[in-house]
Amino acid sequence: MEHLIAMKLRACQAAFRRNDATDWSDIVELTRRSESLSIDDDDFRKLVVKFGSAELWDKLVSTIKNRIG
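Notes on the structure follow.

This part takes up the packing of helix 2 (residues 23-33) against helix 4 (residues 54-68). Relative to each other, helix 2 and helix 4 sit at 60°, their axes nearing to 10 Å. Taken as axis vectors, helix 2 and helix 4 run oblique relative to one another. Considering the relative orientation of helix 2 and helix 4, their crossing is right-handed. In this structure, helix 2 contributes Trp24, Ile27, Val28, Glu29, Thr31 and Arg32 to the contact, and helix 4 contributes Leu56, Lys59, Leu60, Thr63, Ile64 and Arg67. Of the residues in the contact of helix 2 with helix 4, the class split is six nonpolar, two polar and four charged.

Here's what the structure looks like:
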C-alpha cells in the first residue's frame, strides 16, 4: 500500500497532471480505509514528506480530520 501511495504522491505533484486526475482523492481514501496506515504514525508521515512534501502531509491530515469530524 505504501508503494501505491508514494507513486500517487509523486504523480499529484507533476506539472503535467490534468486538473481532473484522481491521485489526491485516491491518497485520502487509501489512507482512510487502510488498517496499516494512520495519520498518527510517524513512519507514514515520513513517507508522505519524502515522496510528497510537508505541505501535502498537512493537507492530508486536515482532509482526513475534516472527513471524520
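The next subject is the environment of valine 48. Counting through the fold element by element, valine 48 comes out in helix 3 (residues 42-51). As a C-alpha pair, valine 48 and leucine 9 span 39 residues in sequence and 7.3 Å in three-dimensional space. Apart from residues no more than four positions distant in its own chain, valine 48 is found in contact with Leu9, Ser53, Leu56, Trp57 and Leu60.

Of all hydrophobic cores here, the largest spans 15 residues; its most connected members are Ile5, Leu9, Phe44, Val48, Trp57 and Leu60. Going through the elements one at a time, helix 1 (2-13), helix 2, helix 3 and helix 4 are the ones with two or more residues in this core. It is helix 4 that provides the largest number of residues to this core, a total of five residues. Ignoring sequence-local partners within four residues, the contact set of leucine 9 consists of Ile27, Leu47, Val48, Phe51, Gly52 and Leu56.

Listed in full, the buried residues belonging to helix 2 are Asp23, Trp24, Ile27, Val28 and Thr31. Buried residues of helix 2, seen end-on, are gathered within an arc of 140° and therefore sit on one face of the element. Turning to helix 2, the residues buried within the fold contact helix 1, helix 3 and helix 4.

Reading the values: the criteria
Residues numbered from 1 in each chain as written. Predicted model: local features only at pLDDT ≥ 70, side-chain atom pairs only at ≥ 80, totals over all residues. Heavy atoms only, no water. Axes fitted to C-alpha atoms, helices over the stretch in contact; angles between N-to-C directions. Helix = DSSP H or I, 4+ residues; strand = E, 2+ residues; numbered from the N terminus. Parallel < 35°, antiparallel > 145°, perpendicular 65-115°, else oblique. Left-handed = near helix turned anticlockwise from the far one by under 90°. Contact = heavy atoms within 4.5 Å. Nonpolar A, V, L, I, M, F, W, Y, C, P; charged D, E, K, R; others polar. Core = buried A, V, L, I, M, F, W, Y, C linked by side-chain atoms within 4.5 Å. Buried < 20%, exposed > 50% of the residue type's maximum accessible area, 1.4 Å probe, protein only. Arc of directions from axis to C-beta.

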